[in-house]
Amino acid sequence: MAILDAYSELRGSLDGNVYLDEPMNRRTSYQIGGPVSLFVECASVHDLQVCLTVAAAEQMPWAVIGRGSNLLVHDQGWRGMVLTLTGQFKEIVLGEVDGATVPLVAGSGVILANLVQTAFKNGFSGFEFAVGIPGTLGGALVMNAGTSTEGIGAIVASLTVYRPEVGLLRVQGYELPWEYRCSGITPGDIIVEAELLAKPSNVAQIQGRMEALLGRRKATQPLNKPSAGSVFRNPPGDSAGAIIEGLGFKGYRVGGAEVSSKHANFIVNNGSATAADVLAIIREIRHRVKEEYGTELQTEVQFIGFEETKTTN
Ligand SMILES: Cc1cc2nc3c(=O)[nH]c(=O)nc-3n(C[C@H](O)[C@H](O)[C@H](O)COP(=O)(O)OP(=O)(O)OC[C@H]3O[C@@H](n4cnc5c(N)ncnc54)[C@H](O)[C@@H]3O)c2cc1C
């Protein structure tokens with residue numbers, strides 16, 4: 001694989017930046033992960049086209065990420081191209097109020113917190129559930145991020161995706177299943193933009209709801225240590241955190257990684273954790289849960305560089 005050739009070609013033709021051997025501990029909320037061969041900040045649809053053409057020509061695997069807040073990257077990194085969206089993908093455009101709703105069109109590279117704040121400042125409700133969820137709009141859409149009762153899919157009117165070898169396509173929100181932590185978008189599609197529907201509302205009410213949700217987060221989540229949020233999906237009708245806590249895992253450590261004593265579904269980085277440490281805990285929890293309850297816990301966290309490399313949609 002001609003990584004240097006790909007690097008030279010990208011450097012000469014992109015609107016955004018390209019980095020060679022970029023350490024992923026700088027690019028993930030876990031602050032863990034070795035270097036990926038190429039890390040590209042795509043600033044335009046043209047950049048996406050160029051990157052995917054180069055990746056195909058060099059037979060290089062690629063993945064798109066947001067802020068890496070739901071990602072575990074291998075300690076040895078990954079021989080592939082990682083794309084992230086910036087530039088034109090960071091715009092938010094507010095539409096006109098149309099009856100009871102108002103459309104917000106936002107690029108996938110927008111930080112979710114900025115979207116939540118924009119909606120709040122303009123008196124639009126519908127985004128409160130997302131307060132305190134790290135990452136980008138793109139990552140939130142793919143993961144159908146949210147709380148135990150609400151997901152972002154519920155406010156999606158439409159998505160614009162870039163499909164390799166096809167180009168830009170519009171997908172209506174109702175065409176996707178929007179299941180628990182899963183949008184159901186076609187694997188390989190890159191979400192570039194979304195039209196989201198908010199409702200004009202009372203600013204004080206929006207603020208009250210956001211403060212209550214943030215308070216709950218602070219009380220229940222270990223926000224003072226690097227993590228990727230909940231590691232496992234809740235099994236149907238059950239709570240992964242409660243199951244893990246019930247098995248006595250709180251405080252369980254491998255190397256620099258630890259099952260949080262505040263929330264058993266969070267594995268935190270105590271400062272020196274490696275991806276191998278985190279994975280060892282994941283495997284031990286899955287093993288014990290299977291042994292005790294016969295349940296196969298599924299991970300919510302996504303992987304890059306492992307055998308189970310998974311950046312699923
Ligand atoms: C402290 C903490 C608390 C959290 N709390 C919550 C919570 O309450 N609810 C919740 O749902 N999540 C939570 N998370 C997890 C995480 O914040 C969400 O999953 C978030 O939506 C991920 O966004 P991201 O931009 O960082 O995506 P990444 O982690 O970078 O990527 C996640 C997945 O999305 C894919 N992806 C990203 N962008 C695109 C795109 N444009 N097109 C196609 N695929 C893309 C990636 O390939 C990957 O598979 C929490 C995480 C932390 C660290």
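This is a predicted model, so every value here is computed, not measured.

Below, the discussion takes up the overall build of the protein chain. Within the protein chain, the regular secondary structure consists of seven helices and 15 strands. With the C-alpha coordinates of the protein chain rotated into their principal frame, the extents come out at 55 × 50 × 30 Å. For the protein chain, buried positions account for 44% of its 313 residues. Long-range pairs, those at least 24 residues apart, make up 65% of the contacts in the protein chain between residues at least 6 apart in sequence.

Time to look at the domain arrangement of the protein chain. Parsing the protein chain into structural domains produces domain 1 (3-88), domain 2 (91-201) and domain 3 (222-304). If you tally residues by element for the side of domain 1 that touches domain 3, the top one is strand β4 (residues 71-73), at three residues. Looking at the side of domain 1 that touches domain 3, its residues break down into seven nonpolar, six polar and one charged.

Below, the discussion takes up the nonpolar core. Grouped together as the largest cluster of nonpolar side chains are 93 residues, with contacts concentrated most on Val40, Cys51, Leu72, Ala130 and Val278. It is helix α7 (residues 275-293) that provides the largest number of residues to this core, a total of seven residues. Sequence-distant contacts of valine 278, defined by excluding residues within four places in its chain, comprise Ile32, Leu72, Ala257, Ile267 and Ala273.

Quick look at α7 now. Taking 1.5 Å of rise per residue, 19 residues should cover 27 Å, and α7 covers 27 Å from first to last C-alpha, within 8% of that figure. Buried within α7 we find Ala275, Asp277, Val278, Leu279, Ile281, Ile282, Ile285 and Val289. In this structure, the buried side of α7 is in contact with β4, α6 (240-246), β12 (253-254), β13 (257-259) and β14 (267-269).

Another aspect to go through is the pairing of strand β2 (residues 35-42). When you tally the buried positions in β2, you get seven out of eight residues, the bulk of the element. Where strand β1 (residues 18-23) lies against β2, five bridges are found, and the strand directions are antiparallel. When the sheet's bridge partners are listed, tyrosine 19 is paired in β2 with phenylalanine 39.

Read from one edge to the other, the open sheet built from four strands follows the order β1-β2-β5-β3, with strand pairing classed as mixed. Edge positions in the open sheet fall to β1 and β3 (62-65), since each of these has one partner strand only. Along the sheet, successive strands turn relative to each other by an average axial angle of 30°, direction set aside. Sheet contacts for helix α1 (residues 3-13): β1 and β2; angle to β2, the most-contacted strand, approximately 15°.

Of all residues adjacent to the ligand, which total 33 residues, the nearest are Gly66, Gly135, Gly138, Gly139 and Gly229. Mapped by element, the contributors of at least two residues to the shell around the ligand are β3, α4 (137-143) and β11 (190-200). Among the elements that take part in the shell around the ligand, α4 stands out by supplying five residues, more than any other.

Strand order in this open sheet of three strands is β12-β13-β14, and the pairing throughout is antiparallel. The sheet terminates laterally at β12 and β14, the two strands that pair on one side only. Bridge analysis of β13 against β14 gives three bridges, and the strand direction is antiparallel. Across the sheet, the residue bridging to alanine 257 is asparagine 269, located in β14. Seen against the sheet, α7 touches β12, β13 and β14 and runs at an angle of roughly 30° to β13.

A separate point is the pairing of strand β9 (residues 156-163). The two faces of a sheet get side chains in turn, since along a regular strand they alternate between them. Bridge count for β9 against β11 is six bridges, and the pairing is antiparallel. In the sheet register, threonine 160 faces β11, and the bridge partner there is glutamate 193. Pairing of β9 with strand β10 (residues 167-172), which is carried by six bridges, proceeds in the antiparallel orientation. Bridge pairing links threonine 160 to arginine 170 in β10.

The next thing to look at is the environment of valine 54. Residue placement: valine 54 occurs in helix α2 (residues 45-57). A count of 23 C-beta atoms within 10 Å places valine 54 in the buried class. Between the C-alpha atoms of valine 54 and glycine 153, which are 99 residues apart in sequence, the distance is 32 Å.

Time to look at the packing of α1 against α2. Two quantities define a packed helix pair, namely the angle between the helix axes and the distance between the axes. At a closest axis distance of 10 Å, the pairing of α1 and α2 adopts a crossing angle of 165°. Judged by the inter-axis angle, α1 sits roughly antiparallel to α2. The element α1 and its partner α2 pack so that their crossing is right-handed. Along its contact with α1, which presents Ala6, Glu9, Leu10 and Ser13, the element α2 presents Val50, Cys51 and Val54. Here the residues of the contact of α1 with α2 sort into five nonpolar, one polar and one charged.

Here is what the cut-offs are and how they apply
- Residues numbered from 1 in each chain as written.
- Predicted model: local features only at pLDDT ≥ 70, side-chain atom pairs only at ≥ 80, totals over all residues.
- Helix = DSSP H or I, 4+ residues; strand = E, 2+ residues; numbered from the N terminus.
- Buried ≥ 20, exposed ≤ 12 C-beta atoms within 10 Å, placed from the backbone.
- Contact = placed C-beta atoms within 7 Å.
- Domains from an automatic or database assignment.
- Nonpolar A, V, L, I, M, F, W, Y, C, P; charged D, E, K, R; others polar.
- Core = buried A, V, L, I, M, F, W, Y, C linked by C-beta atoms within 7 Å.
- Expected span 1.5 Å × (residues − 1).
- Pairing = 2+ DSSP bridges.
- Axes fitted to C-alpha atoms, helices over the stretch in contact; angles between N-to-C directions.
- Near = placed C-beta within 6 Å.
- Parallel < 35°, antiparallel > 145°, perpendicular 65-115°, else oblique.
- Left-handed = near helix turned anticlockwise from the far one by under 90°.

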